[in-house]
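So the chains spell out like this:
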Amino acid sequence: MVERERERQRMEQELAIARDIQHALLPSGLRQFPHLSVNGTNTPCLAVGGDYFDVFSLSEDRTAFLIADVSGKGLGAALLTTMLQGALSSMTIGTEPARLFEHLNRFLCEHSEVGRYATLFFGILDRGGRLDYINAGHPLPILLRQSQASEPCCEGSVPVGLLPGTQYASAQVQLHPEDTLVLFSDGVTEAQDPLQQMYGDARLREVLVRHACESLDDIRKAVLDSVEDFIRGASPTDDVTLLLVRYRDPSSLISAPA
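Counting its regular elements, the chain contains 6 helices and 10 strands. Counting the 258 residues in the chain, one finds 45% classified as buried. Excluding contacts between residues fewer than 6 apart, the proportion of contacts in the chain whose partners are at least 24 apart in sequence is 71%. Just so you have it, the chain exposes about 13,200 Å², and 52% of that area is on carbon and sulfur atoms.

Next up, the structure:
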């Protein structure tokens, strides 16, 4: 019994270390960029999870953002998210997104014993509002424009690691100033109440439209509060991740006098 207790404590310590590492890899204190504002949150349902998001500059005029959801939960999924994050960070040195997605897909398919795949949405937003994106099987982002919700980023392909030989290509959407793109994992829409009913897309869109003109922080809180109220104390069954991106036209920003 003493040995079992010691082993349990060791496992808890290792999980705590893994949780701290995963948390440290998430962007903390999301800074604002000249042409966009961002806000996000990630809550794993276990000690560590298979969701993550990131935001990083590619140049002064182009900013990349992404959200990913690895199949499964727990430590195995968390290990794969770390690998994906390291690979995707190579885009800062000029790697073409579509070729990188094909490389990730080929690598995971060749190592099929891993038994994991991942959905990803990756976007690059420039100062003029042009959004180049690749959607690898992830839930469609919701675009909020003047209190209306739509899903313009509808082109996509299959998750990475699922089908060998899959080819990926970028698509384009033009954003308007103050447009807000809401990216989320299926842990939001598939959250279940005690009767195992799902939160669903319709509830999410209703909350987003109602709070569309508010700050990104207020929108994030409204969604999380709505999901929490819906599940009514039921234990989460999946990781919950939100990433909100609001385009701002740099030419319309007026600097305050010194």
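On we go.
This part takes up the nonpolar core. The biggest cluster of nonpolar side chains holds 25 residues, and the ones touching the most others in it are Leu84, Leu88, Met91, Phe101, Leu120, Phe122 and Val160. Elements represented by at least two residues in this core include exactly strand S2 (51-57), strand S3 (62-70), helix H2 (74-88), helix H3 (97-110), strand S4 (118-126) and strand S5 (130-136). Apart from residues no more than four positions distant in its own chain, Phe122 is found in contact with Phe56, Ala64, Phe65, Leu66, Met91, Pro97, Phe101, Asp132, Tyr133 and Ile134. Membership of the second largest hydrophobic core comes to 22 residues, among which are Val188, Leu204, Phe230 and Leu244.

Right, let's talk about the packing of H2 against H3 for a bit. Between H2 and H3, the shortest axis-to-axis distance is 11 Å and the interhelical angle comes to 150 degrees. Two packed elements cross with a definite hand, and for H2 against H3 that hand is right-handed. Side by side, H2 and H3 meet where Leu80, Met83, Leu84, Ala87 and Leu88 of the first sit next to Leu100, Phe101, Leu104, Phe107 and Leu108 of the second. Its residues placed into classes, the contact of H2 with H3 shows 10 nonpolar, no polar and no charged.

For the rest of this paragraph, the subject is the packing of helix H5 (residues 200-210) against helix H6 (residues 216-231). Where H5 meets H6, the closest approach of the two axes is 10 Å, and the angle between their N-to-C directions is 140 degrees. Where H5 crosses over H6, the handedness of that crossing is right-handed. On H6, the residues touching Arg203, Leu204, Val207 and Leu208 of H5 are Ile219, Ala222, Val223, Ser226 and Phe230. Of the residues that constitute the contact of H5 with H6, the class distribution is 7 nonpolar, 1 polar and 1 charged.

Here we come to H2. For H2, with 15 residues, the first-to-last C-alpha span of 21 Å sits near the 21 Å given by 1.5 Å per residue. For H2, the complete set of buried residues consists of Gly74, Ala77, Ala78, Leu80, Thr81, Leu84, Gln85, Ala87 and Leu88.

What follows concerns the state of the cysteines. Within the structure shown, the criterion is met by 0 disulfides. Cys154 supplies the cysteine sulfur nearest to Cys153, a cysteine that is in no disulfide, at a spacing of 7.9 Å.

So, on to the layout of surface pockets. Size it by volume and the largest pocket reaches roughly 250 Å³. Together, 16 residues line the largest pocket, and Val227, Glu228, Ile231, Pro236 and Val240 are the ones closest to its centre. Going through the elements one at a time, strand S1 (36-43) and H6 are the ones with two or more residues in the lining of the largest pocket. With 4 residues, H6 is the largest single contributor of residues to the lining of the largest pocket. Within the lining of the largest pocket, the residues separate by chemical class into 8 nonpolar, 6 polar and 2 charged.

Attention shifts here to the side chain of Thr180. The topology assignment puts Thr180 in strand S9 (residues 180-184). Not counting residues within four places of it along the chain, the set of residues in contact with Thr180 comprises Ile142, Leu143, Leu144, Leu216, Val245 and Arg246.

Along the polypeptide, Cys153 turns up in the loop between strand S7 (148-150) and strand S8 (171-174). Residue class for Cys153 comes out buried when judged on its relative accessible area of 1%. The spacing of Cys153 and Asn135 is 18 residues in sequence and 8.0 Å in space, taken between C-alpha atoms. With near-sequence residues (within four places) excluded, Cys153 lies in contact with Phe121, Leu131, Tyr133, Asn135, Leu140, Pro141 and Val173.

Attention now goes to the pairing of S3. Most of S3 is tucked away: 8 of the 9 residues are buried. Bridging between S2 and S3 involves 7 bridges; their strand directions are antiparallel. Each residue of the ladder has a partner; that of Ser57, found in S3, is Thr63. With 9 bridges joining them, S3 and S4 adopt antiparallel strand pairing. Among the inter-strand pairings, Ala64 is bridged to a residue of S4, identified as Ile124.

Attention now moves to the pattern of salt bridges. All chains considered together, the criterion is met by 11 salt bridges. For Arg99, the salt bridge is made with Glu96, and the minimal N-O distance between the two is 3.4 Å. Take Arg99: its relative accessible area is 40%, and that puts it in the partly exposed class. When its relative accessible area of 44% is taken as the criterion, Glu96 is described as partly exposed. The shortest N-O distance in the salt bridge between Arg145 and Asp179 comes to 2.6 Å. Here Arg145, found in strand S6 (residues 142-145), pairs with Asp179, found in the loop between S8 and S9; they are 34 residues apart in sequence, far enough to count as distant.

Rules of the game
- Residues numbered from 1 in each chain as written.
- Predicted model: local features only at pLDDT ≥ 70, side-chain atom pairs only at ≥ 80, totals over all residues.
- Heavy atoms only, no water.
- Helix = DSSP H or I, 4+ residues; strand = E, 2+ residues; numbered from the N terminus.
- Buried < 20%, exposed > 50% of the residue type's maximum accessible area, 1.4 Å probe, protein only.
- Contact = heavy atoms within 4.5 Å.
- Areas by Shrake-Rupley, 256 points an atom, 1.4 Å probe, with all protein chains shown as cover.
- Core = buried A, V, L, I, M, F, W, Y, C linked by side-chain atoms within 4.5 Å.
- Axes fitted to C-alpha atoms, helices over the stretch in contact; angles between N-to-C directions.
- Left-handed = near helix turned anticlockwise from the far one by under 90°.
- Nonpolar A, V, L, I, M, F, W, Y, C, P; charged D, E, K, R; others polar.
- Expected span 1.5 Å × (residues − 1).
- Disulfide = S-S within 2.5 Å.
- 1 Å grid on protein atoms, 1.4 Å probe; cavity = no way out; pocket = protein on both sides within 12 Å on 5 of 7 lines; lining within 4 Å.
- Points joined across faces, edges and corners; volume = space filled by probe spheres on them.
- Pairing = 2+ DSSP bridges.
- Salt bridge = Lys/Arg side-chain N within 4 Å of Asp/Glu carboxyl O.

Honestly, that's just the spatial picture; any functional story needs more than this.
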